[in-house]
Amino acid sequence: PLKRGGGRRYYRPEDIALLKGIRHLLYSDGYTIKGVQKVLRENGAGAVVAVARPLTERLADLRSEAPLGEAPAPGSDGDAVLDSTPEATADTDQEVARLRSLLRDLRNELAALRSLLAGPKKD
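In this report, the structure presented in the accompanying data block is examined. Nothing here was measured: the structure is a model prediction, and the numbers come from that model. (Residues numbered from 1 in each chain as written. Predicted model: local features only at pLDDT ≥ 70, side-chain atom pairs only at ≥ 80, totals over all residues. Heavy atoms only, no water.)

Turning next to the packing of aromatic side chains. Counted under the stated rule, the structure contains 0 aromatic pairs. Residue placement shows Arg4 over the ring face of Tyr10; its charged tip is 4.4 Å from the ring centre. (Phe/Tyr/Trp six-rings, centres within 6.5 Å; stacked < 30°, edge-to-face > 60°. Lys NZ or Arg CZ within 6 Å of the ring centre and 35° of its normal.)

Taken as a whole, this structure holds 2 salt bridges when the rule is applied. Glu14 serves as the salt-bridge partner of Arg12, at 3.6 Å between the closest nitrogen and oxygen. Note on Arg12: relative accessible area 29%, which makes it partly exposed. By relative accessible area, Glu14 is classed as partly exposed at 47%. Note that Arg12 and Asp15 form a salt bridge whose closest N and O atoms lie 3.3 Å from each other. A network of salt bridges, in which partner residues are shared, links Arg12, Glu14 and Asp15. (Salt bridge = Lys/Arg side-chain N within 4 Å of Asp/Glu carboxyl O. Buried < 20%, exposed > 50% of the residue type's maximum accessible area, 1.4 Å probe, protein only.)

Take helix α2 (residues 33–43) next. Along α2, the residues that are buried comprise Gly35, Val36 and Val39. Buried positions in α2, seen along its axis, are confined to an arc of 100 degrees and lie on one side of it. Pointing more than 90 degrees away from the buried face of α2 are the exposed residues Ile33, Lys34 and Arg41. A positive phi of about 85 degrees marks Gly44, the residue just after α2. (Helix = DSSP H or I, 4+ residues; strand = E, 2+ residues; numbered from the N terminus. Arc of directions from axis to C-beta.)

Closest axis-to-axis distance for the helix α1 (residues 13–28)/α2 pair is 9 Å, and the angle between their directions is 130 degrees. By the criterion of interaxial angle, the relationship of α1 to α2 is oblique. At the point where α1 passes α2, the crossing takes the right-handed sense. When α1 is examined against α2, the residues Leu18, Ile22, Leu25 and Leu26 are found in contact with a partner set consisting of Ile33, Val36 and Leu40. Considering only residue class, the contact of α1 with α2 consists of 7 nonpolar, no polar and no charged. (Axes fitted to C-alpha atoms, helices over the stretch in contact; angles between N-to-C directions. Parallel < 35°, antiparallel > 145°, perpendicular 65-115°, else oblique. Left-handed = near helix turned anticlockwise from the far one by under 90°. Contact = heavy atoms within 4.5 Å. Nonpolar A, V, L, I, M, F, W, Y, C, P; charged D, E, K, R; others polar.)

Moving on, we get to the nonpolar core. Within the largest apolar cluster, 5 residues are counted, these being Leu25, Tyr31, Val36, Val39 and Val48. When sequence neighbours within four positions are dropped, the list of residues in contact with Val39 reads Tyr31, Gly44 and Val48. (Core = buried A, V, L, I, M, F, W, Y, C linked by side-chain atoms within 4.5 Å.)

And the structure:
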């Protein structure tokens, strides 16, 4: 971060994005501090930000959304009774499509992480 007058630190948005990426690698992906340092040294800060930011933003969006249906009543067999109106079916289809898209994006991000961890190919 930049230092302002009086020794105060000024964190720019890109500093915050890097910190979020480091936090994600440490706490979500299980990296050690030395492991994150190695990723930063070999691939640069941009790689940490690019790999971690989309995933954390998507997860935050997913957590903030209200659930589609209500939880089954205690003692029930767990089968939810679905509203069969066309509007409810369309909403469910849209939600399924959104979740599939999210899973595809997560799979692509995991592939990108694997390639970063594998390092450059040696011929």
